[in-house]
Amino acid sequence: MVEIAPSMLGANFGEMKREAMLVAPHSAYLHMDVMDGHFVPNLTMGPDLVKALRGIADIDVHLMVANPADFIQDFSDVGADIISVHVEANNPEKAIKLIKELNIKAGIALNPSTPSSAIEPYIENVDLILVMSVEPGYCGQSFHENSIERVRIYREKYPDKIIEVDGGVGPENARLLAEAGANLLVAGSAIFGSSNPIKVIEDMKKG
Ligand code: DX5
Ligand code: ZN
């Protein structure tokens, strides 16, 4: 079965806690997109916001920052359950080591334009592969169709890893992604842009 992690970047920031409480009973995690204005042009959220949502649901932190190792302790302190770092960032190996030392699930993320093989050196130390299906930076971009094939290849090669897909995901592509082997789907605008976020989540779970 596929699980859902609503991307809180797609929520109304003025109503963040209320939106989190609305989706949490139907979701496996709250997905928190952390951007530093260097790794990607956008600036988003930090540990204080994660702290404010702690306890509502498990927390999935997606670090889109140039130096992820600098932030692992901060996100551990506020209760992150998963922390993913990008293979394109500086020293992902050091960050993954810190995450595992803190007994948190570690993920390796990669952009659509990055070769699939780039994650190989890290794979034995991570629990999760975060397949980006848009170039990171913003909500509401359109899904890169070739991500489905990437998921299929990873599922065959790494049967025991959690495979998470992030970017342009919604009810229209959830089934194909689940069939290809994804087990955690992130969605921002599909959920929070809807007048019925719960129905969107349930539709995505059904596939
Ligand atoms: C993109 C972020 C995504 C994004 C998802 O850089 O990592 O998590 O918020 O938003 P949608 O589902 O709208 O593409
Ligand atoms: Zn994300």
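Now for a description of the structure that goes with this document. (Residues numbered from 1 in each chain as written. Chains lettered and ligands numbered in written order. Predicted model: local features only at pLDDT ≥ 70, side-chain atom pairs only at ≥ 80, totals over all residues. Heavy atoms only, no water.)

Within the protein, the zinc ion (ligand 2) binds to H31 (NE2), D33 (OD), H62 (ND1) and D166 (OD); these donor distances fall in the range 2.0 to 2.3 Å. Coordination at the zinc ion (ligand 2) comes from six donor atoms whose angles at the metal span 70 to 170°, giving a geometry best classed as octahedral. (Donors = N, O, S within 2.8 Å, 3.2 Å for Na, K, Ca; no water. Tetrahedral: all angles 85-135°; square planar, octahedral: opposite > 155°, others 65-115°.)

This next bit is on the site of ligand 1. Contacts to ligand 1 come from 20 residues, most closely from D33, G137, D166, G188 and S189. Contact distances for ligand 1 include 3.4 Å between an oxygen atom and a side-chain N or O atom of H31. Measuring from an oxygen atom of ligand 1, one finds a side-chain N or O atom of S189 at 2.5 Å. Among the elements of the structure, β2 (29-35), β3 (58-64) and β8 (184-187) are those that each provide at least two residues to the shell around ligand 1. If you tally residues by element for the shell around ligand 1, the top one is β2, at three residues. (Near = heavy atom within 4 Å. Polar contact = N/O pair within 3.5 Å; in protein donor to acceptor, adjacent residues only side chain to side chain. Helix = DSSP H or I, 4+ residues; strand = E, 2+ residues; numbered from the N terminus.)

What follows covers unusual backbone geometry. Positioned with a positive phi, N91 is a non-glycine residue whose angle comes to about 50°. For N91, the position within the fold is in the loop between β4 (82-86) and α4 (92-101). In this model, N103 sits at a positive phi of 60°, which is unusual for a non-glycine residue.

Turning our eyes to something else, we now look at α4. Those residues of α4 lying buried are P92, A95, I96 and I99. On an axial view of α4, the arc spanned by its buried residues comes to 100°, and they lie on one face. Away from its buried face by more than 90 degrees, α4 exposes E93 and K97. Following α4 by one or two positions, N103 has its phi on the positive side, about 60°. (Buried < 20%, exposed > 50% of the residue type's maximum accessible area, 1.4 Å probe, protein only. Arc of directions from axis to C-beta.)

Take the side chain of D60 next. Tracing the sequence through the fold places D60 in strand β3. For D60, which is buried and forms no salt bridge, the nearest opposite charge comes from K105, at a distance of 9.7 Å. A distance of 2.8 Å separates polar atoms of two side chains, one belonging to D60 and the other to H31. Setting aside residues no more than four positions away along its own chain, D60 makes contact with A5, Y29, L30, H31, M32, I82 and E164. (Lys, Arg positive; Asp, Glu negative; His and termini not counted. Salt bridge = Lys/Arg side-chain N within 4 Å of Asp/Glu carboxyl O. Contact = heavy atoms within 4.5 Å.)

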